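Residues per chain, in single letters:
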Amino acid sequence: MRPERGRPWRREAAYERRFPTCPLIPMFVASDTVNEYKSEDEAIHVIERRCKLDIDAPRLLKKIAGVDYVYFIQKNSLNRRERTLHIEAYNETFSNRVIINEHCSYTVHPDNEDWTCFEQSASLDIKSFFGFESTVEKIAMKQYTSNIKKGKEIIEYYLKQLEEEGITFVPRWTPPVACKSESGTSHPRRPVSPAINIPDCATKEGLSNKEILNTTSSPSEPTAGTPDDKLDADYIKRYLGDLTPMQESCLIRLRQWLQETHKGKIPKDEHILRFLRARDFNIDKAREILCQSLTWRKQHQVDYILDTWNPPQVLQDYYAGGWHHHDKDGRPLYVLRLGQMDTKGLVRALGEEALLRYVLSINEEGLRRCEENTKVFGRPISSWTCLVDLEGLNMRHLWRPGVKALLRIIEVVEANYPETLGRLLILRAPRVFPVLWTLVSPFIDDNTRKKFLIYAGNDYQGPGGLLDYIDKEIIPDFLGGECMCEVPEGGLVPKSLYRTAEELENEDIKLWTETIYQSASVFKGAPHEVLIQIVDASSVITWDFDVCKGDIVFNIFHSKRAPQPPKKDSLGAHSITSPGGNNVQLIDKVWQLGCDYSMVESPLICKEGESVQGSHVTRWPGFYILQWKFHSMPACATTNLPRVDDVLASLQVSSHKCKVMYYTEVIGSEDFRGSMTSLESSHSGFSQLSAATTSSSQSHSSSMISR
């Protein structure tokens, strides 16, 4: 206990000025009132706040913990009648792992009411913290010591602020007039109990660790209790499997980021979780590969491959693979008789792209079967088992173009279907297998390789063999079982079905470019522009684009006259090339905005990784120009020094180059019925991985933009 100068009520007024934020405590970034109580005579005031703290902890520890901010519940109980202020605080974040309690008390000195007595105590109990218990203890002690040193300084700062405002005296509380008797004398003073306890909105016992992580994982997340930021325990157990609090937090944070940038077409939680697991729950790395995969799926219409692509008859007859029941864990089982398959013949007859497309259709079917088995078995099944029979494998399978096609398939599957292979059983591996393994193993992810089980000869029939993973009743007949397997036997592809190199190349190009989306490169000083001519007013221009690299500004302009035809090599003078994307500039440099052309939509800044859909109802006929322009990072407003985030962002946009993938479509006025659903493109490519496709409920008179 220590006495301090200053009347208690001025101190209470000074203390309240610390909220909602306090510039003298940089780590105290926000606070919200969650409960408040005032007695009728205003003698008792109890207020409970949820405080947001930016703890000075190593970035690595924050990433491991899965939170950027820590939340505390603080309850202040002011009893004006007893002239006391009690402050209680405890941590909401990680309350099952770390228990922090702090108590402070301000009371009037018994001998001199111009003095205030201050008491403070705290306790720390670390049960577990991902193996960083000692580090957390040091951080907590450091923060607590710092707060104690600053406590008096902060109160004096606000006392001085009150004096500067002319508030040098706060009168002592007196009972309201209504409490006096008719004779004018006060009633005898009644005994007063301590400050009333109000119901806690999030008691330490009632708030689970999972709920805490769901509400504290990001500064921009919705408030606690909304469906988007809370994963029900039954839902996790039923569809996702065992998740640590950190893993659950990572999933929520990545899902929310996707909801903000890929509105209406984000994957299901199961699919997001695969990418997180593939990168050991490193959110930044998982987000990068997931965004690349979503763009790839959209560009090549992978979501519709099962409905729109029919495998050539050659594949149906000679590709020795197919689905066959499930393993003991409920995973769908795919059987591949690679040793019986004529890989050289298939490549010569079909080409690399057709084989790749067929493998993609197998993987899409695998995702669908996993969902079905999850429902059948009542537990999460997110991967399948592959059984590869190598009997018959020989040097013919090591034909260079065939190995090249295999490596390409492995590369695409690894990038877009991570953690979908639960187990790979390789049976009857011959002597030539080590040669093939040496060629392909470097292209297989380390986590995937750990799932490989290789058997030579008949070893698979002994202990630790097939019976450990597959029920006896479904072991295929060609492996000594009793179950008839409908997988084609393969065999040599007739040479009459072979095609010339030129035919195969044309077919590969056709399959690879079979997409409604176009790619474009955007350079600093060289935007990419698309011209759309509108004949009938009230037509609707729709667009759907992804920002694959860098940050861009999207604009829409209108002109009554047509721009000059674009130059074919507008960037040639600068020796800038754009492989995989074009760059077209339509607006003449001598044109003046507001004179030769006008802006019809507000500029839209789009960040790397964002997916944007929108539409514009045209008001005049003429020429509309959609423009994607390089976005320069603004300088920091408070300092001349560049921020770390700005520097990192500038490094990501190498050579001042951005890349977009876009699709545009015009809906005629006769097809427009005024509803927002009619504005949606029939080719917008909303992902089939999503639980449901959502449409915006916002309506604007001239445009609708959603991200």
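Conventions adopted
- Residues numbered from 1 in each chain as written.
- Predicted model: local features only at pLDDT ≥ 70, side-chain atom pairs only at ≥ 80, totals over all residues.
- Heavy atoms only, no water.
- Helix = DSSP H or I, 4+ residues; strand = E, 2+ residues; numbered from the N terminus.
- Polar contact = N/O pair within 3.5 Å; in protein donor to acceptor, adjacent residues only side chain to side chain.
- Expected span 1.5 Å × (residues − 1).
- Buried < 20%, exposed > 50% of the residue type's maximum accessible area, 1.4 Å probe, protein only.
- Contact = heavy atoms within 4.5 Å.
- Pairing = 2+ DSSP bridges.
- Axes fitted to C-alpha atoms, helices over the stretch in contact; angles between N-to-C directions.
- pLDDT = per-residue confidence, 0-100.

What to know about the side chain of Glu-610
Piece 1. Tracing the backbone through its elements, the reader meets Glu-610 in the loop between strand E18 (604–606) and strand E19 (611–617).
Piece 2. A polar contact of 3.1 Å, which involves the side chain of Glu-610, links it to the backbone nitrogen of Lys-607.

Concerning helix H8 (residues 283–299)
Piece 1. If you check H8, its first and last C-alpha atoms are 24 Å apart, about what 17 residues at 1.5 Å a residue would give, namely 24 Å.
Piece 2. If you check which residues of H8 are buried, you get Ile-283, Ala-286, Ile-289, Leu-290, Cys-291, Ser-293, Leu-294, Thr-295, Trp-296, Arg-297 and Lys-298.
Piece 3. Measuring from the backbone nitrogen of Asp-284 back to the side-chain oxygen at the start of H8 gives 3.2 Å, which picks out Asn-282 as the cap.
Piece 4. Taken from the residues just after H8, Gln-301 is the one with a positive phi, measuring 55°.

Some points on the environment of Arg-423
Piece 1. Examined against the element boundaries, Arg-423 turns out to sit in strand E11 (residues 421–427).
Piece 2. Not counting residues within four places of it along the chain, the set of residues in contact with Arg-423 comprises Asp-327, Asp-329, Arg-331, Trp-384, Thr-385, Cys-386, Lys-451, Leu-453 and Tyr-469.

A look at the sheet that holds strand E10 (residues 384–389)
Piece 1. Sheet architecture is open: 5 strands sit in the order E8-E9-E10-E11-E12, paired in mixed fashion. Looking at which strands have only one partner, the edges of the open sheet turn out to be strand E8 (321–326) and strand E12 (452–454). The mean angle between the axes of side-by-side strands here comes to 20°, regardless of whether they run parallel or antiparallel.
Piece 2. Both E8 and strand E9 (residues 332–336) contribute to a ladder of 4 bridges, which runs antiparallel. Within E9, the residue paired with Gly-322 across the bridge is Val-335.
Piece 3. Against the sheet, helix H12 (residues 352–377) makes contact with E8, E9 and E10, and its axis sits at roughly 10° relative to E8, the strand it touches most.

Remarks on the confidence of the model for the protein
Piece 1. This prediction gives the protein a mean pLDDT of 76; 74% of its residues lie at or above 70.
Piece 2. Per-element confidence in the protein ranges from a low mean pLDDT of 34 for helix H4 (residues 209–216) to a high of 95 for E9.
Piece 3. Contacts of residues 1–6 to residues separated by more than four positions or lying in other chains number 23 contacts, the stretch itself having pLDDT below 50.
Piece 4. The low-confidence segment residues 569–580 (pLDDT under 50) makes 16 contacts with residues lying over four places distant or belonging to another chain.

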